Amino acid sequence: MSQVNTITTSPIDGQRPGTSGLRKKTQVFSQPGYLENFVQSIFDTIGGLKGSTLVLGGDGRYFNRQAVQTVISMAAANGAARVLVGKGGILSTPAASLVIRKHKTAGGIILSASHNPGGPDGDFGIKYNVPAGGPAPESVTEAIYARTREIDRYQILEECHCDIDREGTVEIANTRVEIIDSVADYIALMRSIFDFAAIRELLTSGFKLHFDAMHAVTGPYALALFEDELGAPQGSVFNAVPLPDFGGGHPDPNPVHAKELMQAMMSPGGPDFGAASDGDGDRNLIVGRGIYVAPSDSLAVLVANAHLAPAYAGGLSGVARSMPTSQAADCVAEKLGIPVFETPTGWKFFGNLLDEGLVTICGEESAGTGSDHVREKDGLWAVLLWLNILAERRESVIDIMSAHWQQFGRNYYSRHDYENIDSDAAAGLISAVRDQLGQLPGQSFAGLRVVTADDFCYDDPVDGSTSRNQGIRVIMEDGSRIVMRLSGTGTEGATLRVYLEIFEPDPIKQHGDVQQVLAPLVAAAEEIARISTITGRTEPDTRT
Ligand code: G1P
Ligand code: ZN
């Protein structure tokens, strides 16, 4: 029997979880003791594992398999009763959330750096999700961080190796390690939410679907769902084989990185509906023939049409969006007479609202949408909800969007990212704007008069906690909005995100070029924050 080893260790700097867990270069994670220190800090923070069940899986990126072995031997050494591991070490983030909830566990460990590139020179990540299935709240992540600052030992089994490629149960020390089907539970849940018969009818009627799994975790899920279960012709799922380096690609479902998909969708006679998901399967990209659907718009359309899917036929209790997400969903919620909650960036803030039944659907501008079926955003769920809506409405995506804007108005929206800028310069820029917030109201920038300016502070209505400094908000007289914040998921330098939004109620003016429409706001942001002077950049690296 494997021997429990107690290894003496000392704190490693910089193990502070960000927007979604601890994310670092793979090389940082492969340093001796790095992963072990963090994992033991999680176990210590949640009161140990003795007698409890832990869920474990990841997005299959480079270092995933090795990290899975480490976590299994540490969980066993720490006295876990059971560890439920996705076969091959694979669980998409939403599927992990489901397994955590379904088996009444002590939570789970998800190994992923989401949409960041993988490989020896790429990124790796780890996060702990609580028993309700969602990412740990800030109080827990801060406690884990505090623990990493004082850790002096970790426990691990000596020479333990577990066959994770065969479903079944293995006994290791006093722990039952169960290797589970990564896909089955998830598909069953989707079947209970959507009208599969209607979607099957659509997908076998000549309607063309193009789903790009980007060589990431959703490949096996998408094949099982779309081709096997819902009858889409073979070859509808592209790049379906998960690869440790995502085939050298960047598994971020946006128009820039999902280039093949965009090309197919923008060509005449292309597929009717296109979609993609990210590294760990929680994000989604939605494209119709000839039209890209911005995530904030997608959220609004899903809220307006969710009742067409069986699980939401009775209506939604409310909707939540992260503060920088456009207010398109608010316009719908207002007409539906349901509440809107505005939270800081990051999915963890939705958990309490979902647990309390205050909201049914949540979304973020960063291509994350989800509902109360799990406690993570869910890429394939969003794709299925769109398909369910298309199956009912039998209209093209482009027509659905035009009708939506006509009814609710259009929120022109874009996010400009300045990547890998000097961390001190970035922090200086934000604090300089913060210092002048009080003076902004009444002043005009690029012809736009500011009415309010603040640094977003969130009071959680459920647990009463307060999260300060969650992003600068500048609101203009005409309702247009500039938001600025620093990314909490990067692994190199700092990323400044500038979010721009203008509301256009007039249908005649709803088909303009997004960047052109937003140009005056960009100029105002520059005047307020002096972005080019401070960062040395005249253009953002990406506009999404
Ligand atoms: C980004 C997104 C945010 C999302 C997070 C995790 O965080 O902006 O909406 O929840 O990734 O997927 P950021 O890098 O902006 O802190
Ligand atoms: Zn992700």
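A brief look at the structure comes next.

The rules behind these values
The residue numbering used here restarts from 1 in each chain and proceeds along that chain's sequence as written. Here the convention is simple: chains get letters from A, ligands get numbers from 1, in the order in which they are written. At least 70 in pLDDT is required for a residue's local features to be given in this predicted model, at least 80 for side-chain atom pairs to be given and counted, and no such filter applies to totals for whole chains, interfaces and linings, which use all residues. Values reported for side chains reflect all heavy atoms of the structure, with hydrogen atoms and water molecules removed beforehand. By convention in these notes, a residue is near a molecule or strand provided one of its non-hydrogen atoms lies within 4 Å of it. Counted as a polar contact is a pair of N or O atoms within 3.5 Å, where, for protein atoms, one must be capable of donating a hydrogen and the other of accepting one, and residues adjacent in sequence contribute only when both atoms are in side chains. The Shrake-Rupley method, run with a 1.4 Å probe, gives the accessible areas here. Residue values count only the displayed protein chains as cover. Polar here means any residue other than Ala, Val, Leu, Ile, Met, Phe, Trp, Tyr, Cys and Pro, which are nonpolar, and Asp, Glu, Lys and Arg, which are charged; Gly is therefore polar. The donor set covers N, O and S atoms within 2.8 Å of the metal, switching to 3.2 Å for Na, K and Ca, and it leaves out water, so a site may look short of donors. The geometry test gives tetrahedral to four donors whose angles all lie between 85 and 135 degrees, gives square planar to four donors and octahedral to six donors whose opposite members are over 155 degrees apart with all other angles between 65 and 115, and gives irregular to the rest. Here's how the labels work: a residue is buried when its accessible area is under 20% of the maximum for its type, exposed when over 50%, partly exposed in between, all with a 1.4 Å probe on protein chains only. The helix count covers DSSP runs of H or I at least four residues long, the strand count covers runs of E at least two residues long, and both are numbered beginning at the N terminus. The contact definition used throughout considers only heavy atoms, calling two residues in contact when any of these lie within 4.5 Å. The term salt bridge refers to a side-chain nitrogen of Lys or Arg lying within 4 Å of a carboxyl oxygen of Asp or Glu. Buried Ala, Val, Leu, Ile, Met, Phe, Trp, Tyr and Cys residues that are joined via side-chain atoms within 4.5 Å together make up what is termed a nonpolar core. Axis definition: a line fit to C-alpha positions, over the contact stretch in the case of helices; interaxial angles, taken between N-to-C directions, run 0 to 180 degrees. Geometric relationships in this document are graded by angle, where less than 35 degrees denotes roughly parallel, more than 145 denotes roughly antiparallel, 65 to 115 denotes roughly perpendicular, and other angles denote oblique. Between any two strands, pairing holds if DSSP finds at least two bridges.

1. Observations regarding the site of ligand 1
Around ligand 1, 15 residues are found, and the nearest of them are Ser 366, Ser 487, Gly 488, Thr 489 and Arg 497. At 2.6 Å, a side-chain N or O of Ser 366 approaches an oxygen atom of ligand 1. The separation between an oxygen atom of ligand 1 and a polar side-chain atom of Thr 489 is 2.4 Å. Against a free-state accessible area of 380 Å², the protein chains account for coverage of 98% of ligand 1. Partitioned by chemical class, the residues of the shell around ligand 1 number no nonpolar, eight polar and seven charged.

2. Here we look at the coordination of the zinc ion (ligand 2)
In this structure, Ser 114 (OG), Asp 278 (OD), Asp 280 (OD) and Asp 282 (OD) serve as the protein donors to the zinc ion (ligand 2), at separations of 2.0 to 2.1 Å. The site at the zinc ion (ligand 2) holds four donor atoms, and with the angles between them running 85 to 160 degrees, its shape is irregular. Written as a sequence motif, the donor residues of the zinc ion (ligand 2) are S-x163-D-x1-D-x1-D. Among the residues examined, Asp 280 registers a relative accessible area of 4% and is labelled buried.

3. Some thoughts on the side chain of Gln 69
For Gln 69, the position within the fold is in helix H3 (residues 64-77). The contacts of Gln 69, once residues within four sequence positions are left out, are Cys 160, His 161, Cys 162 and Ile 164.

4. Looking at the pattern of salt bridges
A side chain with one charge can pair with a side chain of the opposite charge if their charged atoms come near. Per the stated rule, a full pass over the model turns up 32 salt bridges. Residues Arg 375 and Asp 355 are paired through a salt bridge, measuring 2.7 Å at the closest nitrogen-oxygen approach. One end of the pair, Arg 375, is in the loop between strand E18 (368-371) and helix H13 (379-393); the other, Asp 355, is in helix H12 (residues 351-355), with 20 residues separating them in the sequence. Overall, Asp 355 belongs to the partly exposed group, its relative accessible area being 41%. One salt-bridge network, in which partners are shared between bridges, spans Arg 321, Asp 330, Glu 342, Asp 454, Arg 473, Arg 481 and Glu 501.

5. Quick notes on the nonpolar core
Counting 77 residues, the largest nonpolar core has Met 190, Phe 194, Phe 226, Phe 273, Trp 381 and Trp 386 as the members making the most contacts within it. With eleven residues, the single largest contributor to this core is H13. Apart from residues lying up to four places away in sequence, Trp 386 is in contact with Phe 273, Ile 286, Val 293, Ser 298, Val 301, Leu 302, Val 397, Ile 400 and Met 401.

6. Some remarks on the environment of Ser 298
Mapped onto the secondary structure, Ser 298 falls in helix H10 (residues 295-305). Remark: the alpha-carbon pair of Ser 298 and Ala 367, spanning 69 residues in sequence, is separated by 8.8 Å. Apart from the residues lying within four places of it in its own chain, the contact partners of Ser 298 are Ile 286, Val 293 and Trp 386. Polar contacts involving the side chain of Ser 298 include one to the side chain of Trp 386, which spans 3.0 Å.

7. Things to note about the packing of helix H4 (residues 93-102) against helix H6 (residues 184-193)
Relative to each other, H4 and H6 sit at 90 degrees, their axes nearing to 9 Å. Regarding the angle of H4 to H6, the classification is roughly perpendicular. Where H4 abuts H6, its residues Pro 94, Ala 95, Leu 98, Val 99 and Lys 102 lie against Asp 185, Tyr 186 and Leu 189. For the contact of H4 with H6, the per-class residue count stands at six nonpolar, no polar and two charged.

8. Side note on the sheet that holds strand E15 (residues 319-322)
The sheet built from four strands is open, its strands ordered E16-E15-E17-E18 with mixed pairing. Two strands in the sheet have a free side with no partner beyond their single neighbour: strand E16 (340-343) and E18. Within the sheet, the average angular offset between the axes of one strand and its neighbour, ignoring direction, is 15 degrees. Here E15 runs beside strand E17 (residues 361-364); their pairing, made up of three bridges, is parallel. Across the sheet, residue Val 319 finds its bridge partner in E17, namely Ile 361. Across the sheet, H13 lies against E17 and E18, angled at about 75 degrees from E18, the strand it touches most.

9. Quick look at the environment of Glu 260
With respect to the helices, strands and loops of the structure, Glu 260 is situated in helix H9 (residues 259-266). Along the sequence, Glu 260 and Pro 117 sit 143 residues apart, while their C-alpha atoms lie 17 Å from each other.

Worth remembering: the numbers are spatial, not functional.
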